[in-house]
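# Chains, contacts and geometry: an overview
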Amino acid sequence: MEVEISCKISWSSGSIFKLQTIQSNEDFHCRLNLCFPKAKEKKLMAIMAFPAEMRVGYIPNMNLFETQIRNGKLELGGIEGRFLNLLSQALRFKYHLKPSVDGESGRLDDNGSWTGLFGMIQRKEIDMALSTLSITEERTQVADFSDAYTSKDLTFIVEKPGALPARWALIYPFDITTWICIIVTLIIGPYLFKFFISLKISYKILLFQLWGSFLKQPLTIKFISVQGIVLQISWCVLALLISMFYSSMLLSFLTVPLEKEPIKNFLELSQAVKKGTYRCFSVKGSSMFNILQSSNQEYLRYLGNIMEEKRWFYDMNNMAPILNSKVKVAAIDNRFKLELIQGTLKHDSYVVSKDVVVSLNFAIPLRKDFCCKAKLNTIISRLQSAGLYFKLTREEKLRVFLMSKKEFDDNSIVLSLRDLSGALMFYSFGCVASLIALLSEIVYFRYNNKR
């Protein structure tokens, strides 16, 4: 369609220019470069009207870009969809939505062509795309980018390994160092009493007396001297505190099971994937693969290659690969998307890592010959300064929380036989040891009688 633009521009020369009929954007840029310097081109571009209609590419994703027809009218939902509405209202353009032909954001294929939304931009099937698309060096070869409207960290969400076995709850209240200190104190304690007080009691009896005090049993040994009384009070205070700390911690571990330590960083994640205890997923066609595969760290390259080789892909509309996995799973993506995913999964079963590979800048990819990037950047800057995109993200998080049906664990927990199995095992061990000691004494007594 031919468009004739007539405009009056006041520059230092005071000249008036009239542009002839323009057939295309390429023709316009050609004439502009011939007639005006670059500085004057920017002024002329600034006064040009933003296109009345825009072809916008997108990827249908729950909570990010949602479309629905209500009362015969198209309504957009999700963060990116609502952000597009804000842009269209501010710039007064109508949009025609075109979904990604293959559901991908876009990657460079083996034959040198682009897939997904960036392939559509390269073929000029769309004017712009909006679907949390990050700026990369490769993508700038086929698309121009607006200013970034947000930035997010590239990290991962991982399934928690579960609770520690309740049968070993007896040793959980203290760490190894504390247990060693307690045992050493019990061994040295009788020697200290014998040294300071000169007690005429065997080491074995004194050891059992002091050990019993840890189990809240009274000391039957009578101390007369001042130093003996002081030492007895000190030992009783120590035994009281240790027994109180142990009892309270043991009860808490039995009622609220202690969780195993989850995977914290990408190095631990790669090691778990190598062992086969975890699988790692990401979005097909994401720029994340190129970031990982070109990393200087071997474990990051391994994760990028294994996911692509095994085709461990997922999308927010289909969480089946994650939910139906026979082993523990993790997913790599930008932090905000992972937080949305976490809100839809079982309560307290996944955790988002604090480890970060890189911080990604998200912008709107445009056709290389797009005319009004400056105007678009101006509106994006105003929306960003007003905090509207941040407001959209908070509202979407709240919507996910309200819509998700969380199954919270019942706070009333009844201890089962499995929870007490550790104590029963310890008691059984003591019974077996006592029986062995008894049989040994009987054999020893009979052997001595025969002699």
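Values in this document were obtained by computation on a predicted structure and should not be read as measured data. (Residues numbered from 1 in each chain as written. Predicted model: local features only at pLDDT ≥ 70, side-chain atom pairs only at ≥ 80, totals over all residues. Heavy atoms only, no water.)

Next up on the list: the overall build of the chain. Broken down by element type, the chain carries 15 helices and twelve strands. Across the 451 residues in the chain, those meeting the buried criterion constitute 38%. By sequence separation, contacts in the chain at least 24 residues apart represent 69% of the contacts at least 6 residues apart. Counting only carbon and sulfur atoms, one obtains 58% of the accessible surface of the chain, whose full area is about 27,100 Å². (Helix = DSSP H or I, 4+ residues; strand = E, 2+ residues; numbered from the N terminus. Buried < 20%, exposed > 50% of the residue type's maximum accessible area, 1.4 Å probe, protein only. Contact = heavy atoms within 4.5 Å. Areas by Shrake-Rupley, 256 points an atom, 1.4 Å probe, with all protein chains shown as cover.)

Moving on, we come to the pattern of salt bridges. Scanning the entire structure with this criterion turns up 19 salt bridges. For E395, the salt bridge goes to R82, with nearest N and O atoms at 2.6 Å. In this pair, E395 sits in helix α14 (residues 388–403) while R82 sits in helix α3 (residues 78–91), placing the two residues 313 residues apart along the sequence. As a salt-bridge pair, K328 and E159 come within 3.8 Å of each other at their nearest N and O atoms. Linking K328 in strand β9 (residues 328–334) with E159 in strand β7 (residues 150–159), this pair joins segments that are 169 residues apart in sequence. (Salt bridge = Lys/Arg side-chain N within 4 Å of Asp/Glu carboxyl O.)

Mapped onto this numbering, the UniProt entry gives "transmembrane region" (unreviewed entry) at residues 170–193, 230–254 and 424–445. Strand forms 0% of residues 230–254 and helix 100%; the C-alpha atoms that close the span are 36 Å apart. Secondary structure within residues 424–445 divides into 100% helix and 0% strand; the distance between the first and last C-alpha atoms comes to 31 Å. (UniProt positions renumbered as here; feature names shortened; annotations may be inferred.)

Counting residues in each nonpolar core, the largest one holds 68 residues, and the members touching the most others are F83, L87, M307, Y314, I332 and I364. The biggest single contributor to this core is α3, with five residues. Beyond its immediate stretch of four places on either side in the chain, F83 contacts L130, Y149, I364, L383, Y389 and L392. In terms of nonpolar packing, the next biggest core, distinct from the first, is built from 21 residues, Y172, I197, F214 and L219 among them. (Core = buried A, V, L, I, M, F, W, Y, C linked by side-chain atoms within 4.5 Å.)

The end-to-end C-alpha distance of helix α7 (residues 226–255) is 44 Å, a good match for the 44 Å that 30 residues give at a rise of 1.5 Å each. Within the span of α7, buried status applies to G228, Q232, W235, A239, I242, S243, Y246, L250, F253 and L254. Tucked into the core, α7 has its buried residues touching α5 (176–197) and α6 (203–214). (Expected span 1.5 Å × (residues − 1).)

For a regular strand, the rule is simple: side chains alternate between the two faces of the sheet. Note that strand β1 (residues 53–58) and strand β4 (residues 94–99) share six bridges and pair parallel. Bridge pairing links M54 to Y95 in β4. Relative to strand β5 (residues 128–129), β1 runs parallel, the two sharing two bridges. Bridge assignment links V56 to a residue of β5, and that residue is M128. (Pairing = 2+ DSSP bridges.)

Here we come to the environment of C280. Of note, C280 is situated in strand β8 (residues 278–281). In this structure, the C-alpha to C-alpha distance between C280 and F313, residues 33 residues apart in sequence, is 8.7 Å.

Turning our attention to the side chain of T115. Along the chain, T115 turns up in the loop between β4 and α4 (116–122). Engagement of the side chain of T115 in a polar contact is seen with the backbone nitrogen of R107, the distance being 3.0 Å. Beyond its immediate chain neighbours, meaning those up to four positions away, T115 contacts D102, E104, S105, G106, R107 and D109. (Polar contact = N/O pair within 3.5 Å; in protein donor to acceptor, adjacent residues only side chain to side chain.)

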